[in-house]
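Secondary and tertiary structure notes
Each chain, written out:
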Amino acid sequence: MAEQTHVLFVEDDDVIREATQLALERVGFAVTAMPDGLSGLEAFRADRPDIALLDVMVPGLDGVSLCRRIRDESTVPVIMLSARADAIDVVLGLEAGADDYVTKPFDGAVLVARIRAVLRRFGHAGGEARQEEGAAQGDGGVLTFGELEIDTDGMEVRKAGRPVALTPTEMRLLLEFSAAPGTVLSRDKLLERVWDYGWGGDTRVVDVHVQRLRTKIGQDRIETVRGFGYKLKA
């Protein structure tokens with residue numbers, strides 16, 4: 001039998017925590033549920049879950065700070081939960097290193113679908129790279145763009161010869177750009193390809209991840225095409 005996916009769920013509302021834990025366990029997830037950020041951090045370090053589901057407003061150590069702590073130690077996928085679709089909550093969570101967010105109140109089936117979408121993305125981070133004309137390719141599947149090197153086989157990135165640490169979401173985003181250098185990719189297309197959204201999701205997710213990627217590979221490497229999207233400079 002396949003090993004269960006382990007979810008760390010941090011939520012201070014007892015009713016939401018218990019109901020969500022039951023809903024996730026009902027579809028086959030193993031869940032560790034914690035009521036505050038400090039106990040959530042301890043559980044993360046002890047159990048090393050496959051994915052973390054963090055409410056923004058939890059006591060002790062808020063969800064955004066907890067996300068930063070987790071991201072300092074691991075590239076495990078993180079989904080933030082927020083009671084508001086407030087831009088500040090969303091952007092702070094994503095800038096802290098979260099891969100996605102869900103607004104409360106949420107439907108259990110929707111939450112499960114989003115968790116599975118993130119897990120698919122992480123489980124196949126390197127399986128969908130497409131080599132197109134325009135990218136210089138060296139031995140062993142290495143794409144070169146100036147001082148940026150992308151090893152599509154080893155899932156490694158180097159800038160000026162130095163390793164660049166990317167989360168799996170950032171890697172998938174970079175692979176999409178590198179597969180079609182010089183081609184403008186719309187936010188909706190990136191949401192579909194990277195976040196597995198078959199519908200119009202929140203494009204702030206794309207914008208914040210592009211900014212995070214730029215800080216790691218170079219601000220000028222990904223160009224904004226106003227009104228259309230982004231493209232990788234070949």
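Before going into details, it helps to say that this report is about the structure given with it.

Thresholds, definitions, all that
- Every residue gets a number counted from 1 within its own chain, in the order that chain's sequence is written.
- Only residues with pLDDT of at least 70 get local features here, since the model is predicted, and only at 80 or more are side-chain atom pairs given and counted; chain-wide, interface and lining totals rely on the full set of residues.
- Note that the side-chain values use all heavy atoms of the structure and ignore hydrogens as well as water.
- Helix and strand assignments come from DSSP, with helices taken as H or I runs of at least 4 residues and strands as E runs of at least 2, each series counted from the N terminus.
- Here, residues are in contact when the closest pair of their heavy atoms is within 4.5 Å.
- Exposed residues in this analysis have more than 50% of their type's maximum accessible area, buried residues have under 20%, and partly exposed residues fall in between, with area computed by a 1.4 Å probe over protein chains only.
- Side-chain atoms within 4.5 Å are what join buried Ala, Val, Leu, Ile, Met, Phe, Trp, Tyr and Cys residues into a set we call a nonpolar core.
- By definition here, a salt bridge exists when the distance from a side-chain nitrogen of Lys or Arg to a carboxyl oxygen of Asp or Glu is within 4 Å.
- In this analysis, strands are considered paired if DSSP registers two or more bridges between them.

Here's the deal with the environment of Arg-48
- Along the polypeptide, Arg-48 turns up in the loop between α2 (37–47) and β3 (51–55).
- When the C-alpha atoms of Arg-48 and Val-76 are compared, they prove to be 8.6 Å apart, with 28 residues separating the residues in sequence.
- Excluding residues that lie within four positions of it along the chain, Arg-48 makes contacts with Ala-43, Glu-73 and Ser-74.

Structural notes on the environment of Val-184
- On the secondary structure map, Val-184 appears in the loop between α6 (168–179) and α7 (187–194).
- A relative accessible area of 34% places Val-184 in the partly exposed class.
- Sequence-wise, Val-184 and Tyr-230 are 46 residues apart; in three dimensions their C-alpha atoms are separated by 5.3 Å.

Focus: the nonpolar core
- Membership of the largest hydrophobic core comes to 49 residues, with the highest contact counts inside it found for Leu-54, Met-80 and Phe-177.
- Looking at this core, the element that brings in the most residues is helix α8 (residues 204–217), giving six residues.
- Setting aside anything within four residues of it in sequence, one finds Met-80 in contact with Leu-54, Val-56, Gly-63, Val-64, Cys-67, Gly-93, Ala-98, Asp-100, Tyr-101 and Val-102.
- Counting residues in each nonpolar core, the second largest holds 15 residues, with Phe-9, Val-31, Val-102 and Val-112 among its members.

Details of the pattern of salt bridges
- Per the stated rule, a full pass over the model turns up 13 salt bridges.
- Between Glu-73 and Arg-48 there is a salt bridge, and its shortest N-O distance comes to 3.5 Å. Within this pair, whereas Glu-73 is found in helix α3 (residues 63–73), its partner Arg-48 is found in the loop between α2 and β3, the two being separated by 25 residues in sequence.
- Judged by its relative accessible area of 42%, Arg-48 is partly exposed.
- Put simply, Arg-187 and Asp-207 hold a salt bridge, and the shortest N to O gap is 2.7 Å. Within this pair, whereas Arg-187 is found in helix α7, its partner Asp-207 is found in helix α8, the two being separated by 20 residues in sequence.
- Judged by relative accessible area, which is 22%, Arg-187 ranks as partly exposed.
- For Asp-207, a relative accessible area of 23% gives the class partly exposed.
- Each of Glu-11, Asp-55 and Lys-104 takes part in one network of salt bridges that share partners.

Quick notes on the pairing of strand β12 (residues 229–232)
- The sheet contact formed by strand β11 (residues 222–225) and β12 spans four bridges and is antiparallel. In the sheet register, Val-225 faces β12, and the bridge partner there is Gly-229.
- Taken together, β11 and the strand that follows it, β12, pair antiparallel across an intervening segment of three residues, in which Gly-227 is found at a positive phi of about 85 degrees.

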